[in-house]
Amino acid sequence: PQGVPCAGGHRCCPRGSRCSADGESCIASPGTGGGGTRGSLTLSPLSVAPRAIPCPDGQSECPDDATCCMTTSGAWGCCPMPQASCCADKVHCCPHATICDLAHERCLSPAGDVPMGTKFPAWKRQPAVPVALRQVLCPDGRSACPDGATCCQLPSAQYGCCPLQNAVCCSDGRHCCPQGTTCDLQRSTCTSAQPLASLPLASLPKARDVKCDNETSCPDGSTCCRLSSGAWGCCPLEEAVCCSDHMHCCPQGYTCDPSSGTCLQGGRGGGRQPWVQKTPALRWGGDVRCDDEMSCPQGSTCCRLSLGTWGCCP
């Protein structure tokens, strides 16, 4: 909705972004500071969106830190190294800027020889329809954010996830603001030209946390998993599978495959997807938690304001 048409009339970009010069990507437009000062709220931080590398067949993909290489069967496989060299035997691969020496099964480079790496099968890309139901696909076509979030470009040119729907991406590439506001990076706030009291009422969704124990909790829609320290961590997936390395997790119905750093579905021949890294759980006390950052006094209720921020009903 309200897309930005690109030159040539064959492509378009989301509202709040602009088309690149080559017409192949969308670039987030810089936010503006200042604006109205009648209402303000805190800038929301961005989190990195998970990514995968699509293979040339358009149907297979590999983890973000791997390389697509053809296998002996004609199918695509994944070399567990970024920008790797695919060897001619279609079985092995070598690190970036090295040469395959198949006779001695080594990778040659001026800095010294290293053993060859072995590829593992690529997995089929998930169809677009299921992703659209629960995730927001970012303009790069590879990153995705949770449903109800907004894709914003980070300083690294990767995409991050703003935890607000139809949000405004700030020009620093690190923060975002609710729809209808502007970024004021000098004051680290989101400003609105309208008085807060004159804005229309909004429906009030219920905020819930997932309790790990009597002291810690995770955001709604996530799963409590133990970290290597023994403390609780949060997997940003509902009813997730906690991996044995105490650092990652996988979606329900998948198993953790530590050898490839992926989530495996239904045995070795099943689908794969990158596993997810956990975050530390949050301690909760007498306050009523609204989300990861905001809380209200005990005995009150968290209610959404019309700008998307939390308010406290006494």
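It should be emphasised that the depicted structure is a prediction, and the values quoted were computed from it without experimental measurement.

## Overview of the UniProt feature "domain: Granulins" (unreviewed entry) in the chain
Taking the UniProt record as the reference, the feature "domain: Granulins" (unreviewed entry) is found at residues 87–100, 170–183 and 243–256. Between the first and last C-alpha atoms of residues 87–100 the distance is 6 Å; the span itself is 0% helix and 36% strand. Secondary structure within residues 243–256 divides into 0% helix and 43% strand; the distance between the first and last C-alpha atoms comes to 6 Å.

## Quick notes on the sheet that holds strand β36 (residues 272–274)
One open sheet holds the three strands; their spatial order is β34-β35-β36, and the pairing between them is antiparallel. The open sheet has two edge strands, β34 (254–257) and β36, and neither has a second partner. Averaged over all adjacent pairs, the angle separating strand axes in this sheet is 30°, with direction ignored.

## With respect to the environment of C107
Position of C107 among the secondary structure elements: in strand β15 (residues 106–108). Residue classification places C107 among the buried positions, given a relative accessible area of 0%. For the pair C107 and C93, spaced 14 residues apart in the sequence, the C-alpha separation amounts to 8.3 Å. Those residues in contact with C107 that sit more than four places away from it in its chain are C93, C94, P95, T98, I99, G112, D113, V114, P115 and M116.

## Some thoughts on the state of the cysteines
Throughout the structure, instances matching the rule amount to 17 disulfides. Across the disulfide from C212 sits C224; the S-S distance is 2.0 Å. Its S-S torsion of approximately -85° makes the covalent link between C212 and C224 left-handed. Taken together, the positions of C212 in the loop between β28 (209–211) and β29 (216–219) and C224 in strand β30 (residues 223–226) put the pair twelve residues apart, joining distant regions of the chain. One exposure class covers both C212 and C224, and it is buried. What pairs with C290 in a disulfide is C302, and their sulfur atoms sit 2.0 Å apart. When the S-S torsion is -80°, as for the bridge of C290 with C302, the disulfide is left-handed. Residue C290 is found in the loop between β40 (288–289) and β41 (295–296), and its partner C302 is found in strand β42 (residues 301–304); the two are separated by twelve residues along the sequence.

Analysis parameters
- Residues numbered from 1 in each chain as written.
- Predicted model: local features only at pLDDT ≥ 70, side-chain atom pairs only at ≥ 80, totals over all residues.
- Heavy atoms only, no water.
- UniProt positions renumbered as here; feature names shortened; annotations may be inferred.
- Helix = DSSP H or I, 4+ residues; strand = E, 2+ residues; numbered from the N terminus.
- Pairing = 2+ DSSP bridges.
- Axes fitted to C-alpha atoms, helices over the stretch in contact; angles between N-to-C directions.
- Buried < 20%, exposed > 50% of the residue type's maximum accessible area, 1.4 Å probe, protein only.
- Contact = heavy atoms within 4.5 Å.
- Disulfide = S-S within 2.5 Å.

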